[in-house]
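Residues per chain, in single letters:
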Amino acid sequence: MDPSDRERYSRQILYRPIGAAGQEKLLAARAAIVGCGALGSNQAALLARAGVGELRIIDRDYVEQSNLQRQTLFTESDAAQCLPKAVAAEAHLKQANSRVRVCGIVADLTPENAAELLSGIHLIVDGTDNFETRYLINDFAVQEAIPWVYGAAVGSYGATMTIVPGETPCLACLFPEPPSGMHATCDTEGILGSAASAVASIQVAEALKLLVGDTKALHRKLISFDVWENRFQAVNPGAPADDCPVCRRREFAHLSGDRAVQITLCGRNSVQIHERRRPVDFAELASKLQPLGSVRSNPFVMQFSVDPYELTIFPDGRAIIKGTTDPGLARSLYARYIGA
Ligand SMILES: [Zn+2]
């Protein structure tokens, strides 16, 4: 280890379960964070500062003012510019630690791109806000035998579990089907930044144990807590389920894309439209849209407002249509303004 790394990470090296040997492992490690909201912001900052050699941050969204209360990586300037979270996160993390490789990827993790975006990764940390993506991560992680750390936070509640394929139960062992119908989200129930930070901190401690190889220290529980109502519990999840479709039968339904892609962004009064292999020319589109509403753009996203809707368009043709939860209406707005 070079002397400046020895100094930078000195307090972590003094911590015996990590030590110099553990720090070398962290510097050589590659981790992915999927989703860079409240959980992902905290995870990314802790992992980058701890010296995880390569961090891949995958996020589909852009920074809004209502994120700033809990998404600790972002600033007012990021929100004013509508920067994609992955782009803003990469910039801030490089300032916190220029000696690790941070790669922000503006994308929605899907069955089509999972293998490419997660290739060569040693560990996945869950910063998502939806079950579709978590089941996709679970399929990929079990298929490739990569550990992943589940986490969720809403209101004052948080939950986390660490999944080591072949050793612990997977997400589908515990919950064979994603929860159906309405469930609480940050956009309907609100969320405390402290609940999210607490979950992310436990997730990152587990991530460090895995990356330095101290698997005996993993908590091996389904941990949940409520920081407002003062409830803390840790349940033993038992052995992997005998009939688990994912880790026993190795049927990867979410990864093979057999299930319909969810296009509504849960609780956000927004619909996401995937339009693959249709790169958008921002300059050309801006000149077409300027007479119809207000347009602003940066190199990463273009935003078009036409009352009561707001269309945020990414260069690969993906768009988030705000102002409706009706996929049919969102598709027709996409066709009308961006192209059929
Ligand atoms: Zn399983």
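Not measured: the values here are computed from a predicted model. (Residues numbered from 1 in each chain as written. Predicted model: local features only at pLDDT ≥ 70, side-chain atom pairs only at ≥ 80, totals over all residues. Heavy atoms only, no water.)

(A) Molecular detail of the overall build of the protein. Check the secondary structure of the protein and you find 13 helices and 14 strands. For the protein, the spread of C-alpha atoms along the three principal axes comes to 65 × 50 × 40 Å. Of all 340 residues assigned to the protein, the portion counted as buried reaches 52%. Taking the intrachain contacts of the protein between residues at least 6 apart in sequence as the baseline, contacts between residues at least 24 apart amount to 65%. For the protein, the accessible area works out to roughly 15500 Å², and carbon and sulfur atoms hold 51% of it. Of the charged side chains in the protein, 34 are positive and 38 negative, and the gap between their average positions amounts to 5 Å. (Helix = DSSP H or I, 4+ residues; strand = E, 2+ residues; numbered from the N terminus. Buried < 20%, exposed > 50% of the residue type's maximum accessible area, 1.4 Å probe, protein only. Contact = heavy atoms within 4.5 Å. Areas by Shrake-Rupley, 256 points an atom, 1.4 Å probe, with all protein chains shown as cover. Lys, Arg positive; Asp, Glu negative; His and termini not counted. Charge placed at Lys NZ, Arg CZ, Asp CG, Glu CD.)

(B) The arrangement of unusual backbone geometry in detail. Of the consecutive residues D307 and P308, the connecting peptide bond is found in the cis state with omega at 0°. Secondary-structure assignment places P308 in the loop between β12 (302-306) and β13 (309-313). Here C82, not a glycine, exhibits a phi torsion of approximately 50°, which is positive. Residue classification places C82 among the buried positions, given a relative accessible area of 6%.

(C) A look at the sheet that holds strand β7 (residues 222-226). Taken in spatial order, the eight strands line up as β3-β2-β1-β4-β5-β6-β7-β8 in an open sheet, and their pairing is mixed. For this open sheet the edge positions go to β3 (101-106) and β8 (231-235), each flanked by a neighbour on one side alone. Shown here is a sheet whose adjacent strand axes are inclined to one another by a mean of 15°, direction ignored. Sheet analysis places strand β5 (residues 148-154) next to strand β6 (residues 157-163), joined by seven bridges and oriented antiparallel. Residue pairing for β6: V149 is matched across the bridge by T162. Along the sheet, helix α11 (residues 193-212) contacts β4 (123-126), β5, β6 and β7; its crossing angle with β5, the most-contacted strand, is approximately 175°. (Pairing = 2+ DSSP bridges. Axes fitted to C-alpha atoms, helices over the stretch in contact; angles between N-to-C directions.)

(D) Representation of the pairing of strand β10 (residues 270-273). Alternating residues of β10 divide into S270 and Q272 and V271 and I273, and every residue in both groups is buried. For β10 and strand β14 (residues 319-322), the ladder comprises four bridges, and the chain directions are antiparallel. Counted as the bridge partner of V271 is I321 from β14.

(E) Representation of the packing of aromatic side chains. Summed over the entire model, instances satisfying the criterion amount to four aromatic pairs. The interplanar angle of 40° and the centroid separation of 6.1 Å between the aromatic rings of F131 and Y135 together place this pair among those described as tilted. Remark: Y135 and F131 occur in helix α8 (residues 131-144); sequence separation between them is four residues, near one turn of the helix. Between the NZ or CZ atom of R318 and the centre of the ring of F314, over which it lies, the distance is 4.1 Å. (Phe/Tyr/Trp six-rings, centres within 6.5 Å; stacked < 30°, edge-to-face > 60°. Lys NZ or Arg CZ within 6 Å of the ring centre and 35° of its normal.)

(F) Quick peek at the coordination of the zinc ion. The zinc ion binds to the protein through C170 (SG), C173 (SG), C244 (SG) and C247 (SG); the donor distances cover 2.3 Å. Classification of the site at the zinc ion rests on its four donor atoms, whose angles at the metal span 94 to 122°, yielding the label tetrahedral. In primary-sequence terms, the residues that donate to the zinc ion follow C-x2-C-x70-C-x2-C. One end of the pair, C170, is in the loop between β6 and α9 (171-174); the other, C244, is in the loop between β8 and β9 (264-265), and 74 residues separate them in sequence. With respect to burial, C170 and C244 carry one shared label: buried. (Donors = N, O, S within 2.8 Å, 3.2 Å for Na, K, Ca; no water. Tetrahedral: all angles 85-135°; square planar, octahedral: opposite > 155°, others 65-115°.)

(G) Structural context of α8. The first and last C-alpha atoms of α8 sit 20 Å apart over 14 residues, in line with the 20 Å expected at 1.5 Å per residue. Of all the 14 residues making up α8, 11 are buried; the element is thus mostly covered by neighbouring parts of the structure. Looking at α8, one finds that the buried residues are F131, T133, R134, Y135, L136, I137, N138, D139, F140, A141 and V142. In this fold, the buried residues of α8 make contact with β1 (30-34), α7 (114-117), β4, β5, β6 and α9. Sitting at the amino-terminal end of α8 is N130, which places a side-chain oxygen 3.4 Å from the backbone nitrogen of E132. After α8 finishes, the residue A145 shows a positive phi value of roughly 55°. (Expected span 1.5 Å × (residues − 1). Polar contact = N/O pair within 3.5 Å; in protein donor to acceptor, adjacent residues only side chain to side chain.)

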